[in-house]
Amino acid sequence: MQLRTSLTLALVAAAAAAVGAASPPKDPAFVREPGRCAMRGTCGRKGMFGGALPCPDNDPAKKSDDAIYLATLASVCGADFPTTTCCDQSQLETLSSSLAQAEPLIATCPGCKNNFVNYYCHFTCSPNQSQFLAVTETQTITSGGETKEAVKTVEVDVGRGFGEGFFASCRDVKFGATNGYAMDLLGGGAKNYLAFLRYMGQERALGSPFQILYPAPSDATALAPTLATFDNATIVPFNDTPLSCSSPELNARCACPDCPAVCATLPPIASPADLAAHRCRVGKMDCFAFSLVMVYTAALLAFVGLVAWKESSGKKRLKWPSWGSSTRAGYDRVPLEDPGTAGDSEDLPSTRSSQTRSGSGTRSTTNSLIGATSTAQAYDGEATGRRPPAGSSGRFTDSPDLSSQRRRADSSLLDPASEDSGASPFYQPRTYPLNTLLTTFFYRLGLRVARSPFLTLAVCFGLCGVANLGWSRFDVERDPVKLWVAKGSPSELAKAEFDSAFGPFYRTEQVFVYNAPFLKHFESDGITEEDPTALAVAQPGAIDAPVLSWHRLQWWAGVEASIRELRSSPNNYTLQDVCFSPQTDPLPPADASACVTQSLMGYLGDSLQGVSESTWAATLDACATTPAACLPGSGQPMNPKLVLGGIPTSDDDAEGEVQASHARAIVVTYVVKNSLDPEVVKKAEEWEATLQQFLEDLAAPTAKARKELGLQVAYSTGLSLEEELNKSTNTDVPIVALSYVVMFLYVSINLGSSGAGLLKSAIRGISLIAHAIVSLFQLIPVPKLVGGRGRARSGSVTLSLTGSTTGMGAYFRRQLLVDSKFLLGLYGIFIVLLSVSTSVALCSAAGIKVTLIIAEVIPFLVLAIGVDNVFILSHELDQQNQRAYSAASRNGPLFVSYDDQDDEDGDGLPPAEERVARALGRMGPSIMLSASCETVAFGLGAMVGMPAVRNFAIYAAVAVVVNALLQVTIFVSAMAIDLKRVESNRIDCVPCFKLPSSTSMDLGATVSEGFIARFIRTVYAPTLLKKPVKYLVLAVFGGLFTLSWIGARHIELGLDQRLALPGSSYLANYFNSLDTYLDVGPPVYFVAKGVNVTSRATQQQLCGRFSTCDELSLANVLEAERKRPNSSFIAEPPAVWIDDFFQWLNPLLEDCCRVRKRDPSIFCTPSDPSGACQPCFEDADPAWSITMDGLPEGPEFLRYLNQWLISPTDESCPLGGKAGYSSALSLDNTSVVESHFRTYHIPLKTQADFINAMASADRVAKDLSDRTGGEVFAYSLFYVFFSQYAGIVATTREVLTLALLAVFLVTSIILGSWRTGACVILTVFMSVVGVMGAMGAWHISLNAISLVNLVISVGIAVEFCAHIARAFMGASAGGLPSQHPAASRDRDERARAALVDVGSSVLSGITLTKLIGISVLALTRSKLLEVYFFRMWLALIISGALHGLVFLPVALSFWGGQGYALSAEDESWIDAAVGSRYDHAGRPFMGDDDEEASSDEDRF
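Treat the numbers as computed from the prediction; the structure is a model and nothing was measured.

Summing up the model confidence of the chain, the mean pLDDT is 77 and the portion of residues at 70 or higher is 77%. Low pLDDT, under 50, characterises residues 782-806; the predicted model gives this stretch 10 contacts beyond four residues in sequence or across chains. pLDDT under 50 marks residues 1467-1500. Its contacts with residues more than four places away, or in other chains, come to 95 contacts.

Dropping the structure here:
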């Protein structure tokens, strides 16, 4: 807004006056007295385009009788102004024109406007002018051929009272066209009245024609004494009483937006910072955390006291040595084995009990809880606290033959024993119908699959092939809004509404230029090459030096010129073809200068013409200080914070000058038109691709910017984010492939017992090599006196070594070629790939799009879950084989060949199909349990509305189901085929080749116990279930739970978009620069819908600049919220279109709303001559008024409104609505359908800032809806991405609660015990809380991704618990009921049996497989995968393993429920499931390190 008169140009001049002490008048005879002037009239102009210069005149003031003069004086300065003056008619006309030009800036506040008029009227015409104004310097000019002395410098003394009142009345006046303050234009953003006046008095080509100095008043002169006490030498400061904007008088009172003193006070709302500062604390600890610690401490002390009291009571004396594996009262821990077969093996040291004598009988060392007699003995011994004395009639069994007292397998379920039979009434195994049904189903399924493996493979592969036809509908969702915004959510609806009414938010291309780190700077930039700041750390803003110099400015001017000339390929689009230009919309501008471009070059007219190396800095500072004086081609003033970053500020800078030339960064933003029309978007994207390539070359390390000028360029285009997210996926393809390779190797080597066998073979080979080396040294010839003894020894060693080598060769061939599981492991990996492919095909066929998260995470998820079950099934099959081989090998070496075997052999070895069916029958329900829980958990994850998360949960649930189905069909078939291959002595991977019979081995001798299984059986399980250890586990895990809960409270909300980018992405520098240099928050729009703005009552509910506006109108509420930015997050005055529209109608603004004089129904255009037009409301009755009287309503309102929206915003009328408001209203023929009120958030740096800003805007919008009666909603571009956080905490609680309840129900139903289900769900809950505690410690934010991971953690945590819980339920054929006195020791026994049975599978098959699979993610270049999947899953695996393998067995030993027989054959093969390990414990294992070397020959 270039103001044309001398006074208005002075008001917007852009430099502060240099002020010294008060100077004496130039004329020593200058007289200061009332009624005397200091200057009068006009002596000419300094140049052709200069302003009029007054003449020095110290004569007395003159009284005029000219009616025209007096009328002009009254119209300009008021009827009360003295008619004796020091000005003439020409000065009054110039003053009138100048005040009229300044009217748009201050007309909304009568107090400011009248103070303004009062001051300049006295400055120009006061009869006492000489008392406060003196001419201190004159200049000679020529006017009309006559030489005259004209004023060059004057000095004005303004009293403090008037100055401060004048400044206060204008300080907060808003200028809606720029969303800023009038003070920014009038006073350059001055902070006090002296800076305000000095700014307006600066002499400048575009400012005042002469210099006006304002010395600081002394305390004496500020007192404003009466004029009668001064003589000719006394200065009397101008100190009229100023008008206050809060005055009740109509000629002074201003509206709320312009005068905070009259604003209504909103109810107080604590800001997030205040809430955090006043949070309850005990010392430095949060009160909640302190309460948790206190509760835990009290519970721990109570627990310790209770245990101590219980153990020291009369019934149970505290005897620490008795807290071992052996028990008191006739109850001894013994191996869980069949007494009928126990005699074949020796007692293990860890399970052997001492013999006890009762009467004449000797207690058997093989007694166990499985037998009814041990239960009875335990009960009786428990009652007395000691063993029955010798000869007593205790209930111990006198017969050593326990088998006679055990129920036969064929009568265990059909012929319940009566108490008269002498057997314990508690021994009868329980059955659970659902378990029987599931076991039978899986047994039959396994038998059918194993008998027809190739048919099963063909059918399954055929069905999967048909399902994979769904790939034809495969599609990837890449639109970030459609990925992260829930369909139907308030933010999604708000975005759709906004886009429909006002058009989509603009596309932005943004560039930051700042000093490059680690590069030398130049002397011309003010920094020498040796300057240490040139070697600062590589972070934006690290080099604290100005980014601009003349050479750099020249370079950047060339860059912008090149961007304006860029042409896209293939359609040759330029910036002007795609840019947003409100002045010409919907047509493209004539050239790119009219495009909306936020750049410092806009201050300079998009070129360096008119500036030089010596003036560029001052020019830039002046324009940044007064943006309205340096309008860009788009016609809208530019906020310097939008075009320059890191501008130095100082509290001492009272003049308000913006030091733009010392900015630390250049910020350039190109605004490109967006549209719902795909063709418009395509055009924009084509040009953006060209711009992106140009900026990539510009930012290259070898480019001129970096190499020669020492500048770093960071940029982003409308295409950048989507392209970089796609790159993140592509860079992780090798990681996915590597993960599968690693998992394949792990599965192949460790599947079954092959890993242990290979490791033992390697150890044995190393031992033999060492033995051979030692033996060679023994072959050294000995002295003759030894005789033949030496030769005999040598031959002996040679024979031994040869035999050992031969045996080991056969063993190695067997282990490496036959017993290896590479082909079976390949089947397992193939099933994972097939399940992923099939699930994607099925979901694609259903129209569910794939997301980048699905592409990267689902393979890992299914791999981790699928391989677990592979290990579980393979491990169970090994147990079945061990029991079968052990039983069959008692009749001698067992050699089996399936080349001609179809049925069970004569020695009783079950067929391979039977063993495979039994394995699936035993583990199938466990697999179903874990798969069901995971599917339910993932299904609940689909409740999250975010499409990326919902689709992920659906894909995961389908993948888990498909994977489980393929495992119980394809993998079971593969196990049957592989088992027959092994027992046929055929080579792995090439089963067509068979090893010769010389390499066949006794299958019974190949029974091998893994290292992990042996450790759990002999060390871990017995130690864990000792009483002190169990109590310690409860205490430690209670403390861990407390710490995790405290840590979970430190989880923050948000998702930093930088995490989704590759580590090498150029957008990382852009986002860092955005945070460092851009000191302006994003715009926020408050959209009003359904309000009738044509009625006066509604207008008063919206407006803010008129005296009759509602106290809490929309504009006033937004202004009041702006004054508490810490809680509202609103920083700028709102752009209230209805205020600016009504101001545009003000007849005092002669160049704004104009109509034809001859026909007032026709509006004038900007090209119409002023003589043919008149202001719209010039003769209106009632007249235009600040009270809103006479303002249009109804159809007349819409008529003027439509004209306002097409009126240009230019220097003649900055209130024209086309540039600022053409896209702010949506109209129909009868009303305003929707309109928005624009303001800005404060700078938002953190995720919490964005979340709180959105929440605050929603709160304000709801309040405005209640006040206006219409629908008001807030919209900003980032809201759609942060709307998830509005209810994510409640959603997390809801989803996790439902998931835990669902898991509890599923677990309790399948396991048949709510007590065991409660133990499982407690363990799962503690595991999930442990993951949340790790999130708080690792600063992992809560968002939709981490929420899904928490839901996943519920499902996977069940996997760590399900197999142990089911083994516990089936141990000892179900054990004792909870009310039995020996139930506690029975639970210990069953917990120990469960650990021994499946503990190694859980550790090696679940924990280690997940750790290996997830560890590969540590290599990813995606921070998103690293933080939200590697870290979270690592925490989940560790937490799940610890709770499942440590806490759960202890919890089951305390609170587990009574079990049941897992199958009808439980007493014949379920007992052996645990006992078989002990059955083989007595015989030396193959490859044991303590075997003698000579045994190798016998064994091989």
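Structure's up, so let's keep going.
So, about the packing of aromatic side chains. Both the distance between ring centres and the angle between the ring planes are used here to describe each pair of aromatic rings. Under the criterion given, the structure shown has 52 aromatic pairs. Both rings, one in Trp-555 and one in Trp-556, keep their centres 5.7 Å apart while their planes meet at 55 degrees; by these two values the pair is tilted. An aromatic cluster of three or more residues is present, and its members are Phe-116, Tyr-119, Tyr-120, Phe-123, Phe-132, Phe-162, Phe-166, Phe-167, Phe-196 and Phe-238. Over the aromatic face of Tyr-1200 sits the side chain of Arg-1199, whose NZ or CZ is 5.1 Å from the ring centroid.

Residues Asp-479, Glu-685, Glu-722 and Glu-723 make up a contiguous surface patch of negative charge. Locating Glu-723 in the fold gives a position in helix 23 (residues 720-731).

Okay, the pairing of strand 24 (residues 1271-1275) next. By the criterion of burial, strand 24 is predominantly enclosed, with 4 of the 5 residues buried. With 5 bridges joining them, strand 19 (residues 1083-1089) and strand 24 adopt antiparallel strand pairing. The residue bridging Phe-1086 from the neighbouring strand is Ala-1274, located in strand 24.

Two side chains that carry opposite charge are able to pair once their charged atoms sit near each other. Within this structure, the stated rule accounts for 32 salt bridges. The closest approach of N and O atoms between Glu-33 and Arg-36, which form a salt bridge, is 2.7 Å. Exposure remark for Arg-36: the relative accessible area of 16% places this residue in the buried category. Residue Lys-849 pairs with Glu-477 through a salt bridge whose shortest N-O separation is 3.5 Å. Here Glu-477 lies in the loop between helix 14 (453-467) and helix 15 (480-484) and Lys-849 lies in the loop between helix 27 (822-845) and helix 28 (852-888), a separation of 372 residues in the sequence. For Lys-849, a relative accessible area of 30% translates into the label partly exposed. Using a relative accessible area of 13% as the deciding quantity, one classes Glu-477 as buried. Linked through salt bridges whose partners overlap, the residues forming this network are Glu-876, Arg-883, Arg-922 and Asp-1397.

Summed over the entire model, instances satisfying the criterion amount to 15 disulfides. Note on cysteine connectivity: Cys-1153 is disulfide-linked to Cys-1176, with sulfurs 1.8 Å apart. Between Cys-1153 and Cys-1176, the S-S torsion sits near -85 degrees, and that sign places the bridge as left-handed. Taken together, the residues span a long stretch of sequence, with Cys-1153 in the loop between helix 37 (1137-1144) and strand 20 (1154-1156) and Cys-1176 in the loop between strand 21 (1173-1175) and helix 38 (1194-1206) at a distance of 23 residues. Its relative accessible area of 1% is what places Cys-1153 among the buried residues.

Quick look at the environment of Cys-1109 now. Relative to the elements of secondary structure, Cys-1109 occurs in the loop between helix 34 (1096-1102) and helix 35 (1114-1122). With relative accessibility at 11%, the residue Cys-1109 sits in the buried group. Taking C-alpha positions, Cys-1109 is 9.2 Å from Cys-256, a pair spaced 853 residues apart along the chain. In this structure Cys-1109 touches Gln-1100, Cys-1103, Gly-1104 and Met-1188, once residues within four positions along its chain are discounted.

Our focus in this paragraph is the sheet that holds strand 5 (residues 133-143). Strand order in the open sheet formed by 3 strands is 5-6-9, with mixed pairing between adjacent strands. Each edge of the sheet is formed by a strand with only one pairing partner; in this case those strands are strand 5 and strand 9 (211-213). On average, each strand axis in the sheet is inclined to that of its neighbour by 25 degrees, with strand direction left out of account. The sheet contact formed by strand 6 (residues 146-156) and strand 9 spans 3 bridges and is parallel. Opposite Glu-155, over in strand 9, you have Leu-213 as the bridge partner.

With respect to the helices and strands, the residue Asp-172 is situated in the loop between helix 6 (160-171) and strand 7 (174-175). The exposure class assigned to Asp-172 is buried, which follows from its relative accessible area of 15%. Ignoring sequence-local partners within four residues, the contact set of Asp-172 consists of Tyr-181, Pro-257, Asp-258 and Pro-260.

Attention now moves to helix 13 (residues 433-451). With 19 residues, helix 13 should reach 27 Å at 1.5 Å per residue; the first-to-last C-alpha distance of 27 Å fits that figure. Among all positions in helix 13, only Asn-435, Leu-438, Thr-439, Phe-442, Gly-446, Leu-447, Val-449 and Ala-450 are buried.

Turning our eyes to something else, we now look at the pairing of strand 17 (residues 665-672). Within strand 17, 8 of the 8 residues are buried, which leaves it mostly tucked inside the rest of the structure. Both faces of strand 17 are covered, namely the face carrying Ala-665, Val-667, Thr-669 and Val-671 and the face carrying Ile-666, Val-668, Tyr-670 and Val-672. Here strand 14 (residues 507-515) pairs with strand 17 via 8 bridges, running antiparallel. The residue bridging Gln-510 from the neighbouring strand is Thr-669, located in strand 17. As judged from the 2 bridges shared by strand 15 (residues 597-598) and strand 17, these two strands associate in the antiparallel manner. In the sheet register, Gln-598 faces strand 17, and the bridge partner there is Thr-669. Where strand 16 (residues 644-645) and strand 17 come together, 2 bridges link them in antiparallel fashion. When the bridges of strand 17 are listed, Leu-644 appears paired with Ile-666.

Turning our attention to a nonpolar patch on the surface. On the surface, a nonpolar cluster with roughly 410 Å² of combined accessible area is contributed by Leu-738, Val-741, Leu-745, Ile-749 and Leu-1419. As for its position among the elements, Val-741 is in helix 24 (residues 733-750).

As a further point, take the side chain of Glu-876. Of note, Glu-876 is situated in helix 28. Apart from residues no more than four positions distant in its own chain, Glu-876 is found in contact with Arg-883, Ala-919, Arg-922 and Met-923.

On to the packing of helix 35 against helix 40 (residues 1247-1268). At their nearest, the axes of helix 35 and helix 40 sit 10 Å apart, and the two run at 150 degrees to each other. Relative to helix 40, helix 35 is oriented roughly antiparallel. Regarding helix 35 and helix 40, the two cross each other, and that crossing is right-handed. On helix 40, the residues touching Leu-1114, Val-1117, Leu-1118 and Glu-1121 of helix 35 are Arg-1259, Val-1260, Asp-1263, Leu-1264 and Arg-1267. Tallied by class, the residues present in the contact of helix 35 with helix 40 amount to 5 nonpolar, no polar and 4 charged.

The rules behind the values
Throughout, residues of each chain are indexed from 1 in the direction in which the sequence is written. A pLDDT threshold of at least 70 governs which residues receive local features in this predicted model, and a stricter bar of 80 or more applies before side-chain atom pairs are shown or counted, although totals over entire chains, interfaces and linings include all residues. With hydrogens and water set aside, each side-chain value is computed from the structure's full complement of heavy atoms. A residue's pLDDT is simply how confident the predictor is in it, with values from 0 to 100. For this analysis, residues touch if any pair of their heavy atoms sits within 4.5 Å. Aromatic contacts are taken between Phe, Tyr and Trp rings whose centres are within 6.5 Å, Trp giving its six-membered ring; a plane angle under 30 degrees counts as stacked, one over 60 as edge-to-face, and the others as tilted. Lysine and arginine charges are scored as sitting over a ring when NZ or CZ, respectively, is within 6 Å of the ring centre and within 35 degrees of the ring normal. Patches draw on residues past 30% relative accessible area with no salt bridge. Two like charges within 9 Å are joined, as are two nonpolar side chains (Val, Leu, Ile, Met, Phe, Trp, Tyr) within 5 Å. Computed by Shrake-Rupley with a 1.4 Å probe, the accessible areas treat only the displayed protein chains as cover when residues are assessed. Whenever Lys or Arg places a side-chain nitrogen within 4 Å of a carboxyl oxygen from Asp or Glu, that contact is recorded as a salt bridge. Charge convention: Lys and Arg are scored as positive, Asp and Glu as negative, and His as well as the terminal groups of each chain are ignored. A charge is said to be at NZ when it belongs to Lys, at CZ for Arg, at CG for Asp and at CD for Glu. Only DSSP runs of H or I with at least four residues qualify as helices, and only runs of E with at least two residues qualify as strands; both kinds are numbered from the N terminus onward. For each residue, the accessible area found with a 1.4 Å probe, counting protein chains only, is set against the maximum for its type, and the residue is called buried under 20%, exposed over 50%, and partly exposed in between. We call two strands paired when DSSP finds no fewer than two bridges between them. In this description, a disulfide is simply a cysteine sulfur pair whose atoms lie within 2.5 Å. Axis definition: a line fitted to C-alpha atoms, limited for helices to the stretch in contact. Angles are taken between N-to-C directions and run from 0 to 180 degrees. Take the number of residues in a helix, subtract one, and multiply by 1.5 Å to get its expected span. By the definition adopted for this analysis, an angle is roughly parallel if under 35 degrees, roughly antiparallel if over 145, roughly perpendicular if from 65 to 115, and oblique otherwise. By convention the crossing between two helices is left-handed if the near helix lies anticlockwise of the far one by an angle smaller than a right angle, and right-handed if it lies clockwise. In this count, Pro and Cys sit with the nonpolar residues alongside Ala, Val, Leu, Ile, Met, Phe, Trp and Tyr, while Asp, Glu, Lys and Arg are called charged and the others, Gly among them, polar.

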